[in-house]
Amino acid sequence: MSTATRKRRRGKSRPRKKSAATAPSTARSPDGGGNAAASSTGGLVAVIGAGPSGLVAAKTLLENGFGVAVFEAGAQIGGTFRYKSYDGGRLVSSCLLTAFSDFRMRDCDADHPSIPQYLRYLEAYCDAFGLWSKIRFHSAVSLIERSVAAPGSYTVHVESTS
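Residues numbered from 1 in each chain as written. Predicted model: local features only at pLDDT ≥ 70, side-chain atom pairs only at ≥ 80, totals over all residues. Heavy atoms only, no water.

**A word on helix α5 (residues 115-129)**
Turning to step 1, where the next piece is worked out: Helix length check: α5 (15 residues) gives 21 Å between terminal C-alpha atoms against 21 Å at 1.5 Å per residue, within 8%.
Turning to step 2, where the next piece is worked out: Every buried residue of α5 is listed here: Ile115, Gln117, Tyr118, Leu119, Tyr121, Leu122, Tyr125 and Cys126.
Turning to step 3, where the next piece is worked out: Contact partners of the buried residues in α5: α2 (52-63), α3 (80-83), α4 (95-98) and β4 (135-136).
Turning to step 4, where the next piece is worked out: Within two residues after α5, Gly130 carries a phi angle of roughly 65°, on the positive side. (Helix = DSSP H or I, 4+ residues; strand = E, 2+ residues; numbered from the N terminus. Expected span 1.5 Å × (residues − 1). Buried < 20%, exposed > 50% of the residue type's maximum accessible area, 1.4 Å probe, protein only. Contact = heavy atoms within 4.5 Å.)

Structure, rendered in structure tokens:
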């Protein structure tokens with residue numbers, strides 16, 4: 001499928017504000033401000049999405065000395081669990097298997113956590129590892145391209161969803 005076909009199928013319902021963030025040296029919030037400082041390794045890594053995988057990626061990158069900017073299109077963390085789950089839904093995996101190995105679930109009152117329980121767990125994960133300040137809400141990544149100005153870097157184009 002061509003890029004033009006993919007873009008047409010997405011069907012955006014309203015115009016969005018555009019800005020760009022360049023990794024690894026800087027990252028900008030949708031309003032063009034809020035530069036994030038590069039880390040001691042010289043890199044700023046863009047993580048797309050603040051769902052479980054994005055949060056773990058951000059935490060691991062931070063632990064390994066990288067600067068991180070997490071771009072989340074929604075207003076809250078949780079990804080699919082927050083925005084695409086059924087009312088009254090529960091996870092199909094147990095609390096023991098669902099929890100990250102370095103941060104166990106504490107308030108799991110059933111074998112399989114409810115969606116709200118899991119979202120609270122992800123919020124506690126952000127608290128425990130200082131991830132909140134790295135997340136840019138209402139920031140949808142629309143394009144990533146190699147930077148001409150800074151070889152070895154990429155420009156991350158971000159659209160405001162607010």
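**A short note on the sheet that holds strand β3 (residues 67-71)**
By definition, the strands of a sheet pair up through backbone hydrogen bonds, in either a parallel or an antiparallel sense.
Turning to step 1, where the next piece is worked out: In space, the three strands of this open sheet follow the order β2-β3-β4, with parallel pairing throughout. Unpaired on one side and paired on the other, β2 (44-48) and β4 mark the two borders of the sheet.
Turning to step 2, where the next piece is worked out: Pairing of β3 with β4 involves two bridges; the strand directions are parallel. Across the sheet, the residue bridging to Phe71 is Arg136, located in β4.
Turning to step 3, where the next piece is worked out: Its contacts with the sheet put α2 on β2, β3 and β4, and the angle it makes with β2 is roughly 170°. (Pairing = 2+ DSSP bridges. Axes fitted to C-alpha atoms, helices over the stretch in contact; angles between N-to-C directions.)

**With respect to the environment of Glu63**
Turning to step 1, where the next piece is worked out: Take Glu63: it is sitting in helix α2.
Turning to step 2, where the next piece is worked out: Separated by 66 residues in the primary sequence, Glu63 and Phe129 have C-alpha atoms spaced 9.4 Å apart.

**Description of α2**
Turning to step 1, where the next piece is worked out: Between its first and last C-alpha atoms α2 spans 17 Å; for twelve residues at 1.5 Å apiece the expected length is 16 Å, and the two agree.
Turning to step 2, where the next piece is worked out: Among all positions in α2, only Pro52, Gly54, Leu55, Ala58, Lys59 and Leu61 are buried.
Turning to step 3, where the next piece is worked out: Following α2 by one or two positions, Gly65 adopts a phi angle in the positive range, close to 90°.

**Section: the nonpolar core**
Turning to step 1, where the next piece is worked out: Within the largest apolar cluster, 23 residues are counted, with the highest numbers of intra-cluster contacts made by Leu55, Val70, Ile77, Tyr118, Tyr121, Leu122 and Ile135.
Turning to step 2, where the next piece is worked out: Among the elements that line this core, the one with the most residues is α5, at seven residues. (Core = buried A, V, L, I, M, F, W, Y, C linked by side-chain atoms within 4.5 Å.)

**Observations regarding the pairing of β2**
Turning to step 1, where the next piece is worked out: Inspection of the sheet shows β2 paired to β3 by five bridges, in the parallel sense. Residue pairing in the sheet places Ile48 in a bridge with Phe71 of β3.
Turning to step 2, where the next piece is worked out: Between the parallel pair β2 and β3, the chain is carried across by α2, and the sense of this crossover is right-handed. (Right-handed = clockwise from strand over helix to strand, strands pointing away.)

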